[in-house]
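Letter by letter, the chains look like this.
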There are 2 protein chains.
Amino acid sequence: MKLLITSGGTSEKIDQVRSITNHSTGKLGALIAESFLAQGDQVTLVTTQSAVKPAAHPNLTIQIIENVQDLLETMQPLVKTHGVLIHSMAVSDYMPIYMTGFEQITASQDLTEFLNKTNDQGKISSKDEYQVLFLKQTPKIISQVKKWNPNIRLIGFKLLVGVSKEELLTVARASLIKNKAEIIVANDLYDISNNQHHAFLVKQDSVIEATTKEEIAQLLLTHIHTKDNL
Amino acid sequence: MKLLITSGGTSEKIDQVRSITNHSTGKLGALIAESFLAQGDQVTLVTTQSAVKPAAHPNLTIQIIENVQDLLETMQPLVKTHGVLIHSMAVSDYMPIYMTGFEQITASQDLTEFLNKTNDQGKISSKDEYQVLFLKQTPKIISQVKKWNPNIRLIGFKLLVGVSKEELLTVARASLIKNKAEIIVANDLYDISNNQHHAFLVKQDSVIEATTKEEIAQLLLTHIHTKDNL
């Protein structure tokens, strides 16, 4: 079986020396990749420079990306040539457009003017006590996956922070339906530590609970291989 | 001799899942630390989780920090107990205060209201196409060093991007005088790669040019030890 797995977190440049980064160690994605490789599957891993990588393996190909635009361009052809996508990467929701001093924005008659500006300095400098950064939504990659390849089996992830179990499951079910995923792995940052990773594997008609990264990887392996053998 | 060295780049949290990070591998700081350790000096290295670290050494102590506030609290006592500070860390100039949808800011009568707000969600969510992040200047640590310890010997760094040699030297000289440093190591991001690191060591009455990280480390070692033996 040929799996496409994403891991780590994207970074969006503000300028040449600063970026907004989505935190993600890449540990879970690496563990999932290793589990499938151990079963004889082929894995293409799309990840970031700083993410934890799986051990080298003859059936493992790694592609490094930095930002959402890279990810989009890298994933579109890969989604078409893989049977399964496990999309555990933390993808930036917004990317910087323009940064300026607070004085400039208070002096403006029409704030929309800043949405079309770009910084031309390599390192944005300012003497202002306050600065303002304008950001724009990034393309939602997960919602395009089934358009690129209607037959791909999609496992998505949803990370929230400090919400109730009820809210977490509601948001995960909405993502499951909207993105036509088989499973959304829903987790809360406050329930993740080095040794523990509490998650709900939300399917159309059931929810399975896991408490470690190893257990999440094992459950995904079983799900993908069982359904595949039907 | 007891040296305090800083390396890597600080990160400022936007929320629990996103940060603004100043890029710096920490390689130069690690190399400088190793050069002094090899000469029998004691080194305290203040650095970040992701920075390249020197090889372990009995005379090396490492302290990990994340943001400017951590750095301030960690450095203040250390500056008082060390004879030399080599401050190569890339320190964030601004830190996030508040993030909101663009619609909210266009609807506001007084934009200063956002400078006193804080986000109370662990993960800031927004359905807006555009978002706006307000940032505030961080305390300038290098300008406080001589107040904490008037006798410490200070080596500062200045990184600019895509400027002329003239501008780079002018900015470095201003920093040298303002911060009462012995040397400002001035460099341009476009002249730094893995194998090459073009820098000017700007002193009160001279400028020395270096082309590799090893050469910068060697020049700093010679400067500190020579003056020390006078």
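Residues numbered from 1 in each chain as written. Chains lettered and ligands numbered in written order. Predicted model: local features only at pLDDT ≥ 70, side-chain atom pairs only at ≥ 80, totals over all residues. Heavy atoms only, no water.

- Identification of chain A as Phosphopantothenate--cysteine ligase from Streptococcus anginosus is taken from an unreviewed UniProt entry.

## Focus on the packing of aromatic side chains
Centre distance and the angle of the planes are the two values used to describe a pair of aromatic rings.
All names here are of chain A.
Part 1: This model, assessed by the stated rule, comprises eight aromatic pairs over all chains.
Part 2: A ring pair is formed by Phe102 and Tyr130, whose centres lie 6.2 Å apart and whose planes are at 65°; its orientation type is edge-to-face. Taken together, the residues Phe102 in helix H3 (residues 102–106) and Tyr130 in strand E8 (residues 130–137) connect sequence positions 28 residues apart. Here Phe102 matches Tyr130 in class, with each residue buried. (Phe/Tyr/Trp six-rings, centres within 6.5 Å; stacked < 30°, edge-to-face > 60°. Helix = DSSP H or I, 4+ residues; strand = E, 2+ residues; numbered from the N terminus. Buried < 20%, exposed > 50% of the residue type's maximum accessible area, 1.4 Å probe, protein only.)

## Points about the sheet that holds strand E3 (residues 18–22) of chain A
Part 1: The sheet built from four strands is open, its strands ordered E2(A)-E3(A)-E3(B)-E2(B) with antiparallel pairing. Bordering the open sheet on either side are strand E2 (11–13) of chain A together with strand E2 (11–13) of chain B, each of which pairs with just one other strand. Averaged over all pairs of adjacent strands, the angle between strand axes in this sheet comes to 25°, irrespective of strand direction.
Part 2: Bridge analysis of E2(B) against strand E3 (residues 18–22) of chain B gives three bridges, and the strand direction is antiparallel. Paired with Glu12(B) across the bridge in E3(B) is Ile20(B). (Pairing = 2+ DSSP bridges. Axes fitted to C-alpha atoms, helices over the stretch in contact; angles between N-to-C directions.)

## Remarks on the sheet that holds strand E8 (residues 130–137) of chain B
Part 1: Taken in spatial order, the four strands make up an open sheet running E7(A)-E8(A)-E8(B)-E7(B), and their pairing is antiparallel. Both edges of this open sheet fall to strand E7 (94–101) of chain A together with strand E7 (94–101) of chain B, since each of them pairs with a single strand only. Direction aside, neighbouring strands of the sheet carry axes that sit 25° apart on average.
Part 2: As defined by bridge partners, E7(B) adjoins E8(B) across seven bridges and the pair is classed as antiparallel. When the bridges of E8(B) are listed, Met95(B) appears paired with Lys136(B).

## Notes on the pattern of salt bridges
Part 1: Within the structure shown, the criterion is met by 14 salt bridges over all chains.
Part 2: We note a salt bridge from Asp93(B) to Arg18(A), for which the minimum N-O separation is 3.5 Å. Here Arg18(A) lies in strand E3 and Asp93(B) lies in the loop between strand E6 (84–87) and E7, a pairing that spans two chains.
Part 3: Two residues, Arg153(B) and Glu182(B), come together in a salt bridge whose shortest N-O distance is 2.9 Å. Linking Arg153(B) in strand E9 (residues 153–160) with Glu182(B) in the loop between helix H5 (165–178) and strand E10 (183–192), this pair joins segments that are 29 residues apart in sequence.
Part 4: With a relative accessible area of 12%, Arg153(B) lands in the buried category. (Salt bridge = Lys/Arg side-chain N within 4 Å of Asp/Glu carboxyl O.)

## Regarding unusual backbone geometry
Part 1: Located in the positive-phi region is Lys180(A), a residue other than glycine, with phi close to 55°.
Part 2: Relative to the helices and strands, Lys180(A) resides in the loop between helix H5 (165–178) and strand E10 (183–192).

## Description of the interface of chain A and chain B
Part 1: The partner chain B presents 37 residues to the 37 residues of chain A that form the contact.
Part 2: Between chain A and chain B, roughly 3500 Å² of surface is buried when both sides are summed, and carbon and sulfur atoms account for 61% of that area.
Part 3: Taken together, chain A and chain B are joined by four salt bridges.
Part 4: Residue Glu129(B) pairs with Lys136(A) through a salt bridge whose shortest N-O separation is 3.4 Å.
Part 5: Viewed at the interface, chain B and chain A are joined by 20 residue pairs in polar contact (both at pLDDT 80 or more).
Part 6: Those elements giving two or more residues to the side of chain A that touches chain B turn out to be E3, E7, H3, E8 and E10 of chain A. (Contact = heavy atoms within 4.5 Å. Buried area = accessible area lost by both parts, 1.4 Å probe. Polar contact = N/O pair within 3.5 Å; in protein donor to acceptor, adjacent residues only side chain to side chain.)

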